[in-house]
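Structural overview
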Amino acid sequence: MKTLSGKRILLIIGGGIAAYKSLDLIRRLRERGASVRCVMTAAAQEFVTTLSVGALSADHVFTDLFDRHDEHDVGHIRLSREADLIVVAPATADLMAKLANGLANDLASNVLLATDKRVLVAPAMNPRMWNHPATRRNRATLVADDVIFVGPNRGEMAESGEAGEGRMAEPLEIVASVETMLDDAPKPLSGKKIIVTSGPTHEPIDPVRYIANRSSGKQGHAIAAALARLGADVRLVSGPVTIPDPMGVKTVHVESAREMKDAVEQLLPADAAIFVAAVADWRTADAADIKIKKVAGEGPPALQMVENPDILAGIGHHVQRPHLVVGFAAETNDVLENAQAKLKKKGADLIVANDVSQQGGAMGGDRNRVTIVSKSGVDQWADMPKEAVADRLAGLIAERLMSVAV
Ligand code: CTP
């Protein structure tokens, strides 16, 4: 399918071993009808040649800010003007740092600073570099600047064999992100701001121990991604999870229930809020500042617990209550009765009830069987993948919000 017919992609190839995958990316983009023009950094040319990139893109390859040919023929401003989207793949830690801080000392960074086009980055680096506080800061800055991320994925690094997060997304994943970003079909949720909570919360006992639950964040993240595909401005507040931030979604990372509550409140006002997170109901009354040691003869410590704030109920009864408030109910028994009660108590418009009594079921699994409970009735959906639940729920949310608008 020529899904990218007539679209012009400017691909900036950074210097990393993953640059070999960019060759395949060029092919995949062109197969779908896009034209691909490439800029390579000096380091990128150590990994793949301009000859291969030029042959695959069927265009001149741009490498040098001061090259007569490059600057006379097509300056960095024109490179950006003549593109519909800029893709940086692989985006090295260095390229991310330059982009986040507005540095411009070569052609790639000049194009990125001079552009008014949307930018998609596919980071690739050693997991330690990806997790370094400096890279994390740069990532947060770029997200705030509306730069879109695809990956990195978890897995083994090509050069070191080390495992962790830092592998560049596969060419087809990058293509899917490009397709989403360039999809100009009308979006039912465009202009709507939607808050989504996802994942578990961690409630500290001491600096090394915490209370948590089995939530993976898969369902909440899938809902955030599905709402973004429908054009919503999605703000995801995520507890600690191991899955990547969904594409096109501004994500705030928190640890505890109280941090999640503060983050959600700061995001108000919003058109809708979807509470998918498995928030811990209780926390320890006083988390110890230092590690609690075993003391011979004293036995285990008695943990004094206090109740956490109910984030959903707080927003359901808030003065700035969004038009649509959706809660989840993880139940092991009396699913419907409990969901109906939660609808009232928490001030929600919809409760998505899921039966978590099965081992390997909704909590942590890939599938979900949900029942939608609202004032107007009950709708039981068949068992399906969490992505399918997310798409269907996003459709339902769009319908509800459109009926509010008229
Ligand atoms: N929730 C929340 N803040 C909490 C607890 C729950 O926002 N402190 C939200 C969840 O995100 C979910 C809904 O409330 O949307 C239902 O959570 P659940 O744990 O099933 O309900 P509880 O209120 O904890 O009731 P119970 O433990 O009695 O089942």
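Structural data are supplied above this passage.
A brief look at the structure comes next. As the structure is a computational prediction, the values presented were derived from the model and not from experiment.

**Some thoughts on empty space enclosed by the protein**
- Applying the stated criterion across every chain yields a total of 1 cavity of 30 Å³ or more.
- By volume, the largest cavity is sized at about 30 Å³.
- The greatest single-element share of the lining of the largest cavity, amounting to 3 residues, is contributed by helix 7 (residues 107–114).
- The class makeup of the residues in the lining of the largest cavity is 4 nonpolar, 2 polar and 1 charged.

**Considerations on the sheet that holds strand 2 (residues 35–40)**
- Read from one edge of the open sheet, 6 strands run 3-2-1-4-5-6, paired in parallel fashion. Here the strands that pair on one side only, and so sit at the sheet edges, are strand 3 (61–62) and strand 6 (148–149).
- Here 2 bridges tie strand 5 (residues 119–123) to strand 6, and the two strands are oriented parallel to one another. Paired with Val121 across the two strands is Phe149, which belongs to strand 6.
- Lying on the sheet, helix 7 is in contact with strand 1 (8–13), strand 2, strand 3, strand 4 (85–91) and strand 5; it crosses strand 1 at an angle near 135°.

**Comments concerning the site of the ligand**
- As a matter of local geometry, the ligand sits amid 14 residues, with Phe275, Ala277, Phe328, Lys342 and Lys346 nearest to it.
- With respect to the ligand, the side chain of Lys342 contributes an N or O atom lying 2.7 Å from an oxygen atom.
- For the ligand, an oxygen atom lies 2.6 Å from a polar atom in the side chain of Lys346.
- Relative to its free-state accessible area of 570 Å², the ligand is covered by the protein chains to the extent of 78%.
- Judged by the fraction of its atoms near the pocket grid, the ligand is located in the second largest pocket.
- Mapped onto the shell around the ligand, the elements with two or more residues apiece are helix 13 (311–316), strand 17 (324–331) and helix 14 (335–346).
- Broken down by element, the shell around the ligand gets its largest block of residues, 4 residues, from strand 17.
- Of the residues belonging to the shell around the ligand, the class tally is 9 nonpolar, 1 polar and 4 charged.

Criteria and cut-off values
- Residues numbered from 1 in each chain as written.
- Predicted model: local features only at pLDDT ≥ 70, side-chain atom pairs only at ≥ 80, totals over all residues.
- Heavy atoms only, no water.
- 1 Å grid on protein atoms, 1.4 Å probe; cavity = no way out; pocket = protein on both sides within 12 Å on 5 of 7 lines; lining within 4 Å.
- Points joined across faces, edges and corners; volume = space filled by probe spheres on them.
- Helix = DSSP H or I, 4+ residues; strand = E, 2+ residues; numbered from the N terminus.
- Nonpolar A, V, L, I, M, F, W, Y, C, P; charged D, E, K, R; others polar.
- Pairing = 2+ DSSP bridges.
- Contact = heavy atoms within 4.5 Å.
- Axes fitted to C-alpha atoms, helices over the stretch in contact; angles between N-to-C directions.
- Near = heavy atom within 4 Å.
- Polar contact = N/O pair within 3.5 Å; in protein donor to acceptor, adjacent residues only side chain to side chain.
- Areas by Shrake-Rupley, 256 points an atom, 1.4 Å probe, with all protein chains shown as cover.
- Sits in = over half its atoms within 2 Å of the grid points.

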